[in-house]
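# Descriptive analysis of the structure
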Amino acid sequence: MKLSITDQTLPRYHLLGTLIVVLALALSLGGSFMWMAQGEHLQVIQRLEKGFELKKQERLRTEMAAAIGYLDFVHSRTETALQEALREKVSMALQTAQGIYDKEHGRRPEAEVKRLIIEALRPQRFFDGRGYFFVDDQRGTCILLPIAPALEGTSLWDNRDDRGHYIMRGLIDAARSNTAGGLSRYRWYSPDDPRKMSDKLAFVRLFEPYGWVIGTGDYLYKWEEARLREGLDRLRAWSFGDTGRFMVLDDEGRMLTQPPTADGTPPPEAEVSPQERQTRLRLVALGHAGGGITAFQWPGSVAGSQDTRTAMVEAYTPWKITVVASLFDEEMQAALASEKDSAAAALRVRMPQFIGMTVIAATLALGASLLFSRWMSSLFRAYHARLDAHTRTLEKQAGELRLAGHVFDTSREGIIITDPETRILAVNPAFTLITGFSPEDVVGRSPGVLRSGYHTPEFYEAMWTSIRDTGSWSGEIYNRRKDGHVYPEQISIGTVRGPDGEVRHYVGTFLDISERKEAESRIRHLAEFDTLTQLPNRALLTDRLSQAIAMARRNGDKLAVLFIDLDRFKNINDSLGHATGDRILQEVASRLCLIVRESDTVSRLGGDEFVVVVTSLEHAGNAMPTAQKILASLGRPYQIDDHELQLTPSIGIAIYPDNGNDNESLLKNADAAMYHAKSSGRNNFQFFTPELNQWVTDRLRIENGLRHALEREELQVHYQPQVDLATGRIVGCEALLRWFPADGAPIPPDRFIPVAEETGMIHPIGLWVLDEACRQLAQWEAEGAGGIRMAVNVAVPQLRRPSFVDGVESILARHHMKPGRLEIEVTESVFLDPDAQIRETLRSLTDMGVKLSLDDFGTGYSSLSYLKNFRFDVLKIDRSFVSELARNHDDMTLVRAISSIARDMSLITVAEGIESDEQRRILTALGCNLGQGYLFSRPIPPSEFRRLVMPAN
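Residues numbered from 1 in each chain as written. Predicted model: local features only at pLDDT ≥ 70, side-chain atom pairs only at ≥ 80, totals over all residues. Heavy atoms only, no water.

This part covers the overall build of the protein chain. Scanning the protein chain for helices and strands turns up 27 helices and 30 strands. Across the 953 residues in the protein chain, those meeting the buried criterion constitute 43%. Put simply, 60% of the contacts in the protein chain that link residues at least 6 apart link residues at least 24 apart. (Helix = DSSP H or I, 4+ residues; strand = E, 2+ residues; numbered from the N terminus. Buried < 20%, exposed > 50% of the residue type's maximum accessible area, 1.4 Å probe, protein only. Contact = heavy atoms within 4.5 Å.)

Below is the structure:
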């Protein structure tokens, strides 16, 4: 049977139709796959663009958070820094006041000591000239106010600021609140605008000896301005990326981080274009509205060009500024373009694959087109799902890596990552900034490259043992920078393990703590060392002496404590000023340090008192060479500017364990020995002995009793007559002070007069003696005993006071006594005192008409030039020349010479200590005018002397 064309060709048509359908389907399928690939490509591009935009915004937020955190840190230090500065200044003022009080209390009247303290604090200025010290009492009376001296002596109790706060009451409450002082906040007139008050913070402490409130303060806004400048300087230099910068604007839109001009002044705002000014004001408005991300046009690097910047804006309200962190959009365009090119290349690679699949599908579609089509569809769906999942996984991992990389790159802590064999794999920028080593210098090497040699091998073994056992270690370590400098760091080392517990990495993070260590060292130095001489102070001396005693106890040897006081240092300090005195104290400290060994200690206790601790002595005598060296060294002249000054030391020595087993005993006994050295003529050293201890006890008893002797009326004035040797008539008398304590035996003048001079009690006692002697002479004259003179001894410290002459004049006027009837007796030691006031006092007394008598002539440092320069009226021949007069030809020659000199200079001579008629006869023959001694009368009370001078009834 013959098939028809339709029947024969139908399969062919079917095949052709099927082929056409399959080809159409294959082509359609290939086209759909290519369309899907193109869509995926566009989605990848969009995700890349969005990711880059988010990354840019995250970068800006991170930098802004770091900047705001830095500003918070700087701002938080404003008041703390001011409080620390105020405490430091007030502590210095209290040290100055306490030093003057400890040195002068008891030696000068209280008013004089107070004046010295006030005058020491008055000129001191600080805080760019704004700072000064003020002093008030606890009743609100102003004692010191350098900026308004007219208010000193007035009450500030009711002074209030513009908010009604009582300023003085707040200061006093703060000082009383704690023995260490307190802070008070108030408002006062600003130095920049005297019509306006600003917040001010003050720190005050009580000065216990006088109950004073001593303090100082400063304006908070001045310290805030300084902190703001510090923050602006940091933000001006802060950069991130290639174009990332910070701008800071005030509320008026002025740029605060603009680089200054060549002369250091801010650039003129007139040069800012209107468009830029509008942009600034828009950024400020955004900051006040809560801040956020924005974009704006900004002048580019090429003149006249405009670039787009993306910025994070945030207002910093404590300082009323707006902070803008921005970068040019072009900075990330290159990276984005590179990613787009990579995606396009990937698409181009995939296109031939799709075409090949289409051809294969068309060729094999005959007989299996439907199955193949379904299989291909399922294959592409599965491929698309895997591609999507893989893309999401990659994006997630990329985000995590970006975050970890950002933390790694921006951390301020140095980070170092090693493999299990401790070979360095990576370091962050902070590592390079701290150590100076770049990644190329250390990658592949051991961390041992950082070792400084400061620690022992055992230290590192213990550290790695802890890491292996516990997985971590932290502590302080000293490492070496690339330039060789050793620095301290706080480091933490941790172990990173895999799923099976195997060690994958070691990670170390560290901080440079050099500044903290230096601050701790400075604080410790201030607490333990004298600020003027840099010697150990009393606190550090106590610690070192305790250690030296413990060592001496263990070794069975001795140590010596040398207590040094500078003789007559106060005269130089008062006459040439404290600045000169301070330079002398620094020179003394330098000389002492050159004398002693490194194992010994030199300390300054305060004022002109120093202590030297000499250790490892076999016996007490070994301390003598050191004392002799100190005498020789400190006795050399001091060249201060144009002055060549001479000082000598008095040294007291106490030996451990002979003179004490503890700090207090040794220092107290060395101090006592020093006083003994002073009483022995100064410029010498004395060892402490039990007898010296008794001497110190007696001296303290005398000092304490003498303070109340006047008010208890235990002091009396006795009188010894002075007789004309030719006629035997009483022509004068010498007033001699006697002390009869109510609870003991009489105390001789040679024991209590030196104590009175050293403690300053000689001034009220001396004036009382003068007043009593003049009163008694006026009474005798009123009763009929006329024509006699009254001689009164005056000590050198009395002559140093300018008020002494006024006191004498007042006494003479009170008792209606002619100046010529009073005779002031001084010793030859006045000529050795450099104080010019003494000479001025003597001249004023002679100008007034008071007679001057030179006592003990010939026994000290007499020079005929003194008799020429000072108008003396009387020379008193010392008893040492009179006692052996009948048996010693030299004494007779000296008395004849003295009488001859006195006669030629029209001076009266008075011989002391005459006890026999033979001595009287010889003195008369030698030309002596007057005499006094036991031959005529002992010193007697006023009632007995009255019987000697009153005319017979």
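Further notes follow.
Attention shifts here to the packing of helix α12 (residues 538–555) against helix α16 (residues 663–679). Contact geometry for α12 and α16: axes closest at 10 Å, N-to-C directions at 105°. By the criterion of interaxial angle, the relationship of α12 to α16 is roughly perpendicular. Contact residues: α12 offers Leu541, Thr542, Leu545, Ser546 and Ile549, while α16 offers Asn663, Leu666 and Leu667. Split into classes, the residues belonging to the contact of α12 with α16 amount to 5 nonpolar, 3 polar and no charged. (Axes fitted to C-alpha atoms, helices over the stretch in contact; angles between N-to-C directions. Parallel < 35°, antiparallel > 145°, perpendicular 65-115°, else oblique. Nonpolar A, V, L, I, M, F, W, Y, C, P; charged D, E, K, R; others polar.)

Following the criterion strictly, the structure yields 22 aromatic pairs and no others. With a centroid separation of 5.9 Å and an interplanar angle of 80°, the aromatic rings of phenylalanine 431 and phenylalanine 510 are classed as edge-to-face. One end of the pair, phenylalanine 431, is in helix α8 (residues 429–435); the other, phenylalanine 510, is in strand β15 (residues 503–512), with 79 residues separating them in the sequence. Taking relative accessible area as the criterion, phenylalanine 510 reaches 2% and is therefore assigned buried. Here a set of aromatic residues connected by ring pairs shows up, and it is made of Tyr101, Phe207, Tyr210 and Trp212. A cation sits over an aromatic face here: lysine 114 above tyrosine 210, 4.9 Å from the ring centre. (Phe/Tyr/Trp six-rings, centres within 6.5 Å; stacked < 30°, edge-to-face > 60°. Lys NZ or Arg CZ within 6 Å of the ring centre and 35° of its normal.)

Now for the packing of helix α13 (residues 569–576) against helix α14 (residues 578–595). Here α13 crosses α14 at 140°, and the two axes come no closer than 6 Å. When the interaxial angle is binned, α13 and α14 end up oblique. For the pair α13 and α14, the contacting residues are Phe569, Ile572, Asn573 and Leu576 in the first and His578, Thr580, Gly581, Ile584 and Leu585 in the second. Along the lines of polarity and charge, the residues of the contact of α13 with α14 split into 5 nonpolar, 4 polar and no charged.

On the basis of which strands lie adjacent, the open sheet formed by 5 strands has the order β17-β18-β16-β21-β22 and mixed pairing. Of all the strands in the sheet, the pair left with one neighbour each is β17 (601–606) and β22 (685–687). Strand-to-strand twist in this sheet, taken as the mean axis angle between neighbours without regard to direction, amounts to 20°. Sitting on the sheet, α12 is in contact with β16 (558–567), β17, β18 (609–617) and β21 (648–656), with an inclination near 140° to β17. (Pairing = 2+ DSSP bridges.)

Given a rise of 1.5 Å per residue, 18 residues ought to cover 26 Å, and the 25 Å separating the end C-alpha atoms of α12 matches this to within 8%. Residues of α12 that are buried: Leu540, Leu541, Leu545, Ala548, Ile549 and Ala552. The N-cap residue of α12 is asparagine 537: its side-chain oxygen and the backbone nitrogen of alanine 539 are 3.1 Å apart. Immediately downstream of α12, the backbone of glycine 556 shows phi near 70°, a positive value. (Expected span 1.5 Å × (residues − 1). Polar contact = N/O pair within 3.5 Å; in protein donor to acceptor, adjacent residues only side chain to side chain.)

This part takes up the sheet that holds strand β9 (residues 306–316). Read from one edge to the other, the open sheet built from 5 strands follows the order β6-β7-β10-β9-β8, with strand pairing classed as antiparallel. Edge positions in the sheet fall to β6 (239–240) and β8 (292–299), since each has one partner strand and no second. Bridge count between β9 and strand β10 (residues 321–328): 8 bridges; the pairing is antiparallel. In the strand pairing of β10, methionine 312 is matched with alanine 325. Packing against the sheet, helix α5 (residues 274–288) makes contact with β7 (244–250), β8, β9 and β10, and its axis sits at approximately 170° to β8.

Counting residues in hydrophobic clusters, the biggest one holds 72 residues, and the most contacted among them are Tyr719, Trp780, Met790, Leu822, Ile824 and Leu923. Ignoring any residue separated from it by four or fewer positions in sequence, one finds leucine 923 in contact with Leu725, Val882, Leu885, Val895, Ala911, Ile914 and Cys928. Counting residues in hydrophobic clusters, the runner-up holds 32 residues, among them Ile564, Leu645, Ile653 and Phe685. (Core = buried A, V, L, I, M, F, W, Y, C linked by side-chain atoms within 4.5 Å.)

Of the consecutive residues tyrosine 656 and proline 657, the connecting peptide bond is found in the cis state with omega at 5°. Examined against the element boundaries, proline 657 turns out to sit in the loop between β21 and α16. You will see that arginine 682, though not glycine, has its phi angle at about 65°, which is positive. Mapped onto the secondary structure, arginine 682 falls in the loop between α16 and β22. Taking the relative accessible area as the measure of exposure, arginine 682 reaches 32% and is therefore partly exposed. Even without a glycine there, the phi angle at glutamate 713 is positive, about 60°. Of note, glutamate 713 is situated in the loop between α17 (690–706) and β23 (715–724).

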